[in-house]
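Here are the chains, one letter per residue:
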Amino acid sequence: KGKVPFVVFIHGGGWIGNDKYADMGYMPNTITAMLNNGMAVASIDYRFATQAVFPAILQDCNKAVSFLYDNAGKYSLDKNNIALMGFSAGGHLASLMGTSQNNKVSNFYFPGTYQPLQYKAVVDFYGPVDLVLLPGNEDEKSPEAILIGAAPLLRPDLAKAASPITYIDKNDPPFLIYHGEKDNTVSNKQSKLFSAWLTYYGVENELTIVKDAPHFGTMYDVEEIRNKVIIFLTQHLKEKGN
């Protein structure tokens, strides 16, 4: 009834795979809880880095949000109450959207699609935030190299432009960050670094290292995490009504 706040759900897959259903598959209880607490969920797709080099992938994500913003009335969405939730590469994209939105980086948007919105919150599940620190930083065939079109250590300028930590400032939205203790794909040092930088700039954030958890899976859909995610989102997404 009325306009409802909504969460834009961004899937992972190393920027080169999966689809908008992928991470939803192991987070059913969390998604159900979001719906039961009066939020809408919009899961989006994007072109893979194998199809178009960065920032095309981010342009697609921002265009998806722009579509939802423009069609908020049709879907009974509150366009003034938007949060982001991303997983792995999707966590990277959600974090990048959250930190860069107020920087108005022109090439992150298709011409004429920038919207003056303010994300109210970002939930980042094990997303990389500094591409230079990823293990494939010298491998031109690594996912991070495919993303930016070059090995990050050989083109630190491109890596910097695609890294969420580059755009952090005191006006960024609050972040809730989760990372697995035993993540062998993206080191949890990425999230520790992210949290440290957010704290340095005075951005509200909370990092949880999930004991024994791998890179993804049902260990992130447990009650303790789910409850904290719901509290975080409901705290920052204030339902406005009509």
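Quick summary incoming for the structure in this document. Note that the coordinates shown come from a computational prediction; the quantities given were computed from them, not determined experimentally.

This part is about the environment of lysine 104. Here lysine 104 is to be found in the loop between helix H4 (89-100) and strand E4 (121-125). By relative accessible area, which is 56% here, lysine 104 ends up exposed. Sequence separation of lysine 104 and glycine 13 is 91 residues, and the distance between their C-alpha atoms is 26 Å.

Its 14 residues place the ends of helix H8 (residues 223-236) 20 Å apart at the C-alpha level, agreeing with the 20 Å of an ideal helix rising 1.5 Å per residue. What H8 keeps buried is the set Ile225, Arg226, Val229, Ile230, Phe232, Leu233 and His236. When H8 is viewed along its axis, its buried side chains cluster within an angular range of 165° and face the same direction. Seen from the open side of H8, the exposed residues pointing more than 90 degrees away from its buried face are Glu223, Glu224 and Ile231. Its buried side turned inward, H8 meets strand E1 (4-10), helix H1 (28-36), strand E3 (77-87), E4, strand E5 (175-180) and strand E6 (205-210).

The biggest cluster of nonpolar side chains holds 48 residues, and the ones touching the most others in it are Val8, Ile10, Trp15 and Phe54. Mapped onto this core, the elements with two or more residues apiece are E1, strand E2 (40-44), helix H2 (56-70), E3, H4, helix H5 (143-148), E5 and helix H7 (189-200). Among the elements that line this core, the one with the most residues is H2, at seven residues. The contact partners of valine 8, leaving out residues within four places of it in the chain, are Ala42, Ile44, Val65, Leu68, Ile82, Ala83, Leu84 and Met85. By size, the runner-up hydrophobic cluster in this structure holds 26 residues, among which are Ala33, Met34, Phe87 and Ala121.

Along its 12 residues, H7 runs 16 Å from first to last C-alpha, staying within 8% of the 16 Å computed at 1.5 Å per residue. For H7, every residue scored as buried is listed here: Gln190, Ser191, Phe194, Ser195 and Leu198. For H7, the angular spread of the buried residues around the axis is 130°, confining them to a single face. Structural note: H7 exposes Lys189 and Tyr200 on the side pointing more than 90 degrees away from its buried face. Of the residues one or two after H7, glycine 202 is the one with positive phi, at around 80°.

Geometrically, a pair of aromatic rings is defined through the distance of the ring centres and the angle of the planes. Applying the stated criterion across every chain yields a total of 18 aromatic pairs. Aromatic side chains phenylalanine 87 and tyrosine 126 sit 6.3 Å apart centroid to centroid with 65° between the ring planes, which places their arrangement in the edge-to-face category. You can see phenylalanine 87 sitting in strand E3 and its partner tyrosine 126 sitting in the loop between E4 and H5, a full 39 residues away along the chain. Accessibility assignment for this pair places phenylalanine 87 and tyrosine 126 in one class, buried. Ring geometry for tryptophan 197 against tyrosine 200: centres 5.6 Å apart, planes inclined by 90°, an arrangement best described as edge-to-face. In this pair, tryptophan 197 and tyrosine 200 are both assigned in helix H7, three residues apart and thus about one turn of the helix distant. Ring pairs connect the aromatic residues Phe9, Tyr26, Phe87, Phe125, Tyr126, Tyr178, Phe216 and Tyr220, which therefore count as one cluster.

With that out of the way, let us pick up the sheet that holds E4. Backbone-to-backbone hydrogen bonds join strands into a sheet, with any given pair of strands oriented parallel or antiparallel. Taken together, the six strands give an open sheet; going across it, the order is E2-E1-E3-E4-E5-E6, and neighbouring strands pair in parallel fashion. Each edge of the sheet is formed by a strand with only one pairing partner; in this case those strands are E2 and E6. Sheet twist, expressed as the average angle between the axes of neighbouring strands with direction ignored, equals 20°. Relative to the sheet, H1 contacts E1, E2 and E3, its axis offset from that of E2 by approximately 135°.

Basis of the calculations
Residues numbered from 1 in each chain as written. Predicted model: local features only at pLDDT ≥ 70, side-chain atom pairs only at ≥ 80, totals over all residues. Heavy atoms only, no water. Helix = DSSP H or I, 4+ residues; strand = E, 2+ residues; numbered from the N terminus. Buried < 20%, exposed > 50% of the residue type's maximum accessible area, 1.4 Å probe, protein only. Expected span 1.5 Å × (residues − 1). Arc of directions from axis to C-beta. Contact = heavy atoms within 4.5 Å. Core = buried A, V, L, I, M, F, W, Y, C linked by side-chain atoms within 4.5 Å. Phe/Tyr/Trp six-rings, centres within 6.5 Å; stacked < 30°, edge-to-face > 60°. Pairing = 2+ DSSP bridges. Axes fitted to C-alpha atoms, helices over the stretch in contact; angles between N-to-C directions.

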